[in-house]
Amino acid sequence: MDKEEILKNYERYVIPSYRKQNLIFVKGKGSYLWDIDGKKYLDFFPGWAVSGLGHCHPEIVEKIKKQVEILIHLSNNYYHPWQALLARKLSELSFGGKVFFCNSGAEANEAAIKLARLYGRRTKRYKIISMENSFHGRTLATVTMTGQRKYNEMFEPLPVGFIYAKFNDFSDLCEKIDNEVVAIILELIQGEGGINVIEKEYLENVKKICEEKDILLIFDEVQTGFGRTGKLFAYQVFGIEPDIMTLAKTLGGGFPVGAMIAKREISDLMSPGTHASTFGGSPLACVSCLAVLEAIEKDNLLENVKIMGNYLRNKLEELKKEFSIIRKVKGIGLMLAFEVERDGDKLVEICAENGLLINCTHGNIIRIMPAINIKKEEIDEGIEILRKSLKRMEFQ
Ligand SMILES: Cc1ncc(COP(=O)(O)O)c(C=O)c1O
């Protein structure tokens, strides 16, 4: 199919629910993508953190290839070794809970909502507090839990039981807690919300009040999980454990997966019949997740995130000194952003013309989340393209 035909097919046959850049990609390897004309792009936002180990990571590819010849899917009415192994690894690498497998971040959060409601049944509690500016998915419940009106107001009436508190504002949170609240959900770094990092003291206070009032603490690590912050999970940066954690994106290395991990005391409330996901935790999905975990360990990628994260951050601070339109650099590890005083989408467009893919959220926050195995030379290359693109922006 040529370009024109591809675009025509999209226009005729694909529901236009996404804002798209006018780019058609046909190949990816590591931190690079190639478009239909053979132009190479450096990808500083691979698959919105899904391709967290870069595109088509060779060991993930190899393991998926092998597994498709053995067993692709198995219904969850049966047992298989790959799910057993993955669940054990995820549990041992985090806080010792049990895992429910699904296919996306929204689905993982749906599972967390349902588990929280099961937990609250005995005491007639069902409300969940989420944060303003948060993002938790697009299903009706998760988009309601998402603390941004622009995503859910058009779908009213919304499901009941969701309350919003100001991020990093403990007194506001306390005001919102009543005796029907069963859980609080947090992103430790708000991703879509603009790379807003949680304050440690606030988090400690939240943990304390959750313990005092028997409220479940849920961390949505869909975007922050799997090395992004230099730790396997962002909660390990702050040293505070949740009761429930939701995962997706990088977990599958490109394969669609989601998972919810819950502490043992509460996980068994999800007894047979309470929840399910037909595709969840298939042999193929589990093998791709195992390959991701293995690569993170074998290639010492958490260390790479620390080193490259510092390097990239310093480079962004240098750009900030050079360009008055850059206001603020923020984030942790390789989950970084800077604010620009201009239309961020324009910068995204200019960077793409110059061969660099980045993301803009909230109109002027440029999100940079390269693969966690990014190399120094690739960061240098990306910074040069950013520099060139920012120069062009300044004159517009
Ligand atoms: C923090 C967070 N939670 C949940 C989701 C939803 O994940 P998915 O798109 O896989 O449903 C996202 C997606 O960007 C996210 O960033």
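It should be noted that the structure appears before, not after, this text.
Just so we're clear, the structure is a prediction, and the values are computed from it rather than from any experiment. (Residues numbered from 1 in each chain as written. Predicted model: local features only at pLDDT ≥ 70, side-chain atom pairs only at ≥ 80, totals over all residues.)

1. A few points about the sheet that holds strand 3 (residues 40-43)
The strand order across the open sheet formed by four strands is 1-2-3-15, and the pairing between neighbours is mixed. Looking at strand neighbours, the two that pair on one side only are strand 1 (25-29) and strand 15 (356-357), the edges of this open sheet. Relative to strand 3, strand 2 (residues 32-35) is paired through three bridges, and the arrangement is antiparallel. Each bridged residue has a counterpart across the sheet, and for Trp34 the counterpart in strand 3 is Lys40. The sheet strands contacting helix 14 (residues 376-394) are strand 3 and strand 15, and the helix crosses strand 3 at an angle near 105°. (Pairing = 2+ DSSP bridges. Helix = DSSP H or I, 4+ residues; strand = E, 2+ residues; numbered from the N terminus. Contact = placed C-beta atoms within 7 Å. Axes fitted to C-alpha atoms, helices over the stretch in contact; angles between N-to-C directions.)

2. Structural notes on the sheet that holds strand 14 (residues 335-340)
Spatially, the four strands line up as an open sheet ordered 13-14-17-16, and their pairing is antiparallel. Either end of the sheet is taken by a strand with one partner, and the two such strands are strand 13 (326-332) and strand 16 (359-361). Each adjacent strand pair in this sheet contributes to an overall mean axis angle of 25°, direction not counted. Relative to strand 17 (residues 365-368), strand 16 runs antiparallel, the two being bridged by three bridges. Its bridge partner lying in strand 17, Asn359 is registered against Arg367. Against the sheet, helix 12 (residues 301-322) touches strand 13 and strand 14, its axis set at about 170° to strand 13.

3. Things to note about the site of the ligand
In the neighbourhood of the ligand, 15 residues make up the surrounding shell, with Ser104, Gly105, Ala106, Gly137 and Val222 lying closest. Looking at the shell around the ligand, the element that brings in the most residues is helix 4 (residues 105-120), giving three residues. By residue class, the composition of the shell around the ligand is five nonpolar, seven polar and three charged. (Near = placed C-beta within 6 Å. Nonpolar A, V, L, I, M, F, W, Y, C, P; charged D, E, K, R; others polar.)

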